[in-house]
Amino acid sequence: MLHVRGRSVAWVPPLLLLVAIAVIDYHTIGEFRIISWIVLVPGIAAAICGVWGTAVFGALSIAIFTVVDNAWPHEFQTGLPDFILVAVGGFLATLACAVRVRGESRALHMRNVADTVRRTVLRPLPPSWGGLEHAGFYLAADAGARVGGDFYDIQPGPYGTRVLVGDVQGKGLGAVETAATLLGTFREAGFHEPELAVVAERLEERMLRHRGYTAALGRAEGDRFATAVLLGFPAEWPATRGPGPEWPHAVGPGTAGPTTVEVVVFGHEPPLAVGPGGVRPLPVTGGLPLGLRELDPTPVCVHRLPLAADETLLVVTDGVTEARDADGRFYPLTEDVVRAVTRDARAAEPARLAAVVRDGTLRHSGGRLDDDTTAFAVRRTGGPG
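Everything numeric here is computed off the predicted structure, so don't read it as measured data.

As for the side chain of Arg162
Okay, step 1: Relative to the helices and strands, Arg162 is located in strand β5 (residues 160–168).
Okay, step 2: There is no salt bridge for the buried Arg162, and the closest opposite charge comes from Glu262, which lies 5.2 Å off by N-O distance.
Okay, step 3: Within polar-contact distance, the side chain of Arg162 engages the backbone oxygen of Pro194 at 3.2 Å.

Okay, structure coming up:
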């Protein structure tokens, strides 16, 4: 509001006030003098201008007060007491402005730090990364925090492209640290490990090690866990061609192809397959969240399921499914997506689908989010991984 075509106009309001007070005082007679109100000018400048601008308005206020108050020596003058008021007011306004600017600089620095942390946890993904078209959104329940325990990432590699979407239990910096830890493990294991089950085991092991580390530090995070969905899109190879020298361990002919997706669920909502023909939840059973394997030490279950070329996989966190309206009703995610695809088949595209979920969640909850809210949509592009 204080910029026009990229230029600051913060000096305009205090200048107008300065001129208005001088003009009004000129047209008053008798003992009704308002020139001492000029002390308001540096006060207004302190709220919206910089330190030097405030100091200039403080000096102008003193100068104009002196000139106007002494312009008519035979009429009533406010005199020395009001002069001291204007001078002290200008000094205090400049001091207050310096404190304000320093606080704003510190807040901006902290915001930059928060943005850096957010880019580390939710790093920007290139378009069509790993042969996948993707789109997602993240809305923090605490708008000032800018980052929380929800996370997602795509990691291409010689064995295909892997996708991880999850939600760390709890809030605060501990949840952010846990999310960053899991993502670091996923980015390494997702590239190097040939089997998705091994990637899942590495994530579970890393979660347990992280909990041991925080316990050794004396932090009360011993029961922290994370729900997640791990997706694997096997490397694409034509039936007439086997693994090449650039990807010596890539999936060869006769194995999982472009119409197959591998899914591991860690206590999370199963993904939705959204296509022009309709919406269906993937028939996968949810295992225990990461960090709770001791309750059920059975091996990780990897589901290999068919996926149409025009279907998009949608994964959301509980901030979406548990968003409530004023009457306490949960957001009907599936019904909303079905309506959107029925109206326009292009709503199955990742970017449009993420927008449908984001807008639907905010509309249903009235913009009041009680938890971090994330949705991530991916589908194959048909190009190389």
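Regarding the sheet that holds strand β9 (residues 278–281)
Okay, step 1: What the 5 strands build is an open sheet, ordered β3-β12-β11-β8-β9; its pairing is antiparallel. In this open sheet, the two edge strands, each paired with only one partner strand, are β3 (132–139) and β9. Ignoring strand direction, the axes of neighbouring strands in this sheet form an average angle of 20 degrees.
Okay, step 2: Where β3 and strand β12 (residues 373–380) come together, 8 bridges link them in antiparallel fashion. Residue pairing across strands places Phe137 opposite Ala375, the latter belonging to β12.
Okay, step 3: Lying over the sheet, helix α8 (residues 333–343) contacts β8 (272–275), β9 and β11 (312–316), oriented at roughly 15 degrees with respect to β8.
Okay, step 4: Relative to β3, helix α9 (residues 350–365) is tilted by about 20 degrees, and along the sheet it contacts β3, β8, β11 and β12.

What about the environment of Ala323?
Okay, step 1: By secondary structure assignment, the location of Ala323 is in the loop between α7 (318–321) and α8.
Okay, step 2: For Ala323 and Gly367, which are 44 residues apart along the polypeptide, the C-alpha to C-alpha distance reads 9.8 Å.
Okay, step 3: Contacts of Ala323, omitting those with residues within four sequence positions, involve Asp318, Arg329, Phe330, Tyr331, Thr361, His364 and Ser365.

Quick look at helix α1 (residues 12–26)
What sets the pattern is the α-helix's 3.6 residues per turn: residues three or four places apart point alike.
Okay, step 1: Taking 1.5 Å per residue, 15 residues should reach 21 Å; α1 reaches 21 Å between its end C-alpha atoms and fits that length.
Okay, step 2: For α1, the complete set of buried residues consists of Pro14, Leu18, Ile21, Ala22 and Asp25. Summarising the axial view, the buried residues of α1 lie within an arc of 95 degrees, below the 170-degree limit, and thus occupy one face. Of the exposed residues in α1, those oriented more than 90 degrees away from the buried face are Leu16 and Tyr26.
Okay, step 3: On its buried face, α1 is in contact with α2 (40–48) and α3 (51–69).

Quick notes on the pairing of strand β7 (residues 260–266)
Okay, step 1: Among the 7 residues that make up β7, 7 are buried, leaving the element largely enclosed by the rest of the structure.
Okay, step 2: Where burial is concerned, the two faces of β7 agree: the one with Thr260, Glu262, Val264 and Phe266 and the one with Val261, Val263 and Val265 are both buried.
Okay, step 3: In this structure, strand β6 (residues 226–234) lies alongside β7, joined through 5 bridges in antiparallel fashion. By the bridge assignment for β7, Ala228 is matched with Phe266.
Okay, step 4: Alignment of β7 against strand β10 (residues 303–306), held across 4 bridges, turns out to be antiparallel. Looking at the pairing, Glu262 lines up with Arg304 of β10.

Rules of the game
Residues numbered from 1 in each chain as written. Predicted model: local features only at pLDDT ≥ 70, side-chain atom pairs only at ≥ 80, totals over all residues. Heavy atoms only, no water. Helix = DSSP H or I, 4+ residues; strand = E, 2+ residues; numbered from the N terminus. Buried < 20%, exposed > 50% of the residue type's maximum accessible area, 1.4 Å probe, protein only. Lys, Arg positive; Asp, Glu negative; His and termini not counted. Salt bridge = Lys/Arg side-chain N within 4 Å of Asp/Glu carboxyl O. Polar contact = N/O pair within 3.5 Å; in protein donor to acceptor, adjacent residues only side chain to side chain. Pairing = 2+ DSSP bridges. Axes fitted to C-alpha atoms, helices over the stretch in contact; angles between N-to-C directions. Contact = heavy atoms within 4.5 Å. Expected span 1.5 Å × (residues − 1). Arc of directions from axis to C-beta.

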